[in-house]
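What follows is each chain in one-letter form.
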Amino acid sequence: MKESDRILLDKYFDGSLSPEEEVLFAQRIAEDPLFEAEVELLNNARQAIIIGGRDALQARFKAIDKQLDQKPPSFPGRKWIWMIVLPTLFVFSLCLYFFLPPLSRQQLSKPVQQQKDSLGDTISTSKPLLPATFQDTIPTQKEKKALPKQVYALDVNALMKTHFSAYSDDVIEGLKDQTRSDSANVLQTWLKAYVARDYKSVIANYTKLPDKAARADKTRVILGNAYLVTHEPDKVMALFDPEAITTDNKLATEIYWLLGWAWLQKGKQTQSLAYFKKVSEDTGNLRQASALKLVDTLSKANRDASGQ
Amino acid sequence: MFQTYFSLDKSNNSKIGATQAIEGIQKGDNSVIERIYADFRNDFIHWAGKRFPFEKEDLRDIFQQTVCIFYEKVVSGKIQSLDCALGTYLYAVGFNGLRAHSRKMKKIDLVPPEELSSLSAQTLHESELTFDEEEEEKAILRKALDQLPENCRNLLIMAVYDRLSNEQIMVKMGYQSKATVAVTKTKCLSKLTSIIKNMKPPKS
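These figures come from a predicted structure and were not determined experimentally. (Residues numbered from 1 in each chain as written. Chains lettered and ligands numbered in written order. Predicted model: local features only at pLDDT ≥ 70, side-chain atom pairs only at ≥ 80, totals over all residues. Heavy atoms only, no water.)

Q: Which parts of the structure should I look at to understand the overall build of chain B?
A: What chain B contains, in helices and strands, is ten helices and zero strands. Put simply, chain B runs from its N terminus to its C terminus through helices and strands in the order α-α-α-α-α-α-α-α-α-α. Here chain B holds 204 residues, and the buried ones make up 39% of them. A fraction of 63% describes how many contacts in chain B between residues 6 or more apart in sequence connect residues 24 or more apart. (Helix = DSSP H or I, 4+ residues; strand = E, 2+ residues; numbered from the N terminus. Buried < 20%, exposed > 50% of the residue type's maximum accessible area, 1.4 Å probe, protein only. Contact = heavy atoms within 4.5 Å.)

Q: What am I meant to see in the packing of helix α15 (residues 217-229) of chain A against helix α17 (residues 252-265) of chain A here?
A: Two quantities define a packed helix pair, namely the angle between the helix axes and the distance between the axes. All names here are of chain A. For the pair α15 and α17, the least separation of the axes is 10 Å and the interaxial angle reads 20°. By the angle between their axes, α15 is roughly parallel relative to α17. Crossing geometry of α15 relative to α17 is assigned as left-handed. Judged by residue contacts, V221, G224, N225 and L228 of α15 engage E254, I255, L258, W261, A262 and Q265 from α17. Classifying every residue of the contact of α15 with α17 gives six nonpolar, three polar and one charged. (Axes fitted to C-alpha atoms, helices over the stretch in contact; angles between N-to-C directions. Parallel < 35°, antiparallel > 145°, perpendicular 65-115°, else oblique. Left-handed = near helix turned anticlockwise from the far one by under 90°. Nonpolar A, V, L, I, M, F, W, Y, C, P; charged D, E, K, R; others polar.)

Q: What is the right way to look at the packing of aromatic side chains in this model?
A: Geometrically, a pair of aromatic rings is defined through the distance of the ring centres and the angle of the planes. All chains considered together, the criterion is met by 17 aromatic pairs over all chains. Their ring planes at 20° and their centres at 4.6 Å tell us that Y12 of chain A and F25 of chain A sit as a pair that is stacked. You can see Y12 of chain A sitting in helix α1 (residues 3-14) and its partner F25 of chain A sitting in helix α2 (residues 19-31), a full 13 residues away along the chain. Linked through ring pairs, F61 of chain A together with Y37, F44, W47, F52, F54, F63, Y91 and F95 of chain B together constitute an aromatic cluster. Over the face of the ring belonging to F35 of chain A we find R28 of chain A, whose NZ or CZ atom lies 5.2 Å from the ring centre. (Phe/Tyr/Trp six-rings, centres within 6.5 Å; stacked < 30°, edge-to-face > 60°. Lys NZ or Arg CZ within 6 Å of the ring centre and 35° of its normal.)

As structure tokens, this is what we get:
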């Protein structure tokens, strides 16, 4: 083969023929069958190399296939879902732990049987919390003698029942807020004793309450009620300074109601009447109707007493 | 080689971008094409498997051909950059491959047996010959290349298929100079043509 043909073939194989050389190349194919056969061989060689190159590349891919198929199947499209869901669940759990009231947390952790006796569950029931309490407040024989008959003509039991029912709903429900504090357990135990009508414990354990809780009017109203039930009207009166009770005090009516009964237990109708009048003047409160009856009865008793 | 891929995979969970892929292939970085394949293989098989009732093996083969096409277009300079994401391009090319495979499968399924029986024995023989000739041609060329020493084979693949320059081949294969690469390449090509010449029957 001529040297010029060899150079032409090399340039053809490398793809570096100039336009003039391309013309010459086509001319040589047309006129020389041996040259044409050499070109065909080169084309075959190129095809063989391309086949070999693809085979080599696909062999590398097959090796990757083995590596990938050994790995557990992954779902790249769904990875982001777990990246959102898992941290959200974690944050939600933290929120539940830190922001759920301790009382609720305790309820959640208790078995169902125990929950029946817990404070929250009892409050949520429609049954009167203290069905027997009014019986405890029935005046002693000594008190009876001190009180006018007209007072007993009233349905005292019904009055007290109303008092305690409303009392339970309003006051204890309100106190649940305080159970979120650090001293939740102490306060909760104390409230439980009250709900269980263990008034002696209520009185005895009051001093163990944290200062903040003990100073709260709501707590003192409960203690006052315990004193009332245990016939210790003086202690009820000692709990509250009537002159310090302002009109904006949300529990003013509750306190006046307690003081009214305390004075009544002491047989002091005039003082009692004054407090019940205040309760009756507070429109919209649950005890207004009862207070009006008491005011009416006590006023009559006073009039009778002064007439005699 | 594969360690490179997995180390890339661990250091960067996101898929390789088009620019990074094209630049890497142009520089002759072997790990890039492996990463492209590994990054998009599962997604492609999952996606194609929902649309075409092919075996997983077939889908895998089609994707391998797809990546090969992309590679060949980049090394030949036909692709300098992409207007779309690399995944989108591969899916588009792969979709054509899937359709072609689907047509091929339908053709096979749609030829009724009675039609086959009506064909003359000579026609069947001729069609078999045509099919066999194509495959035989490929087999001969594959065999011819396999007869070359490994160094020669690799050099020619790098020069022709990977389109690496003599300088790049020199660095990759540890030759002393570009001239040595050129001379060796000529010798190897000459060997290959003579092998093919001996293996292929002379045309009548």
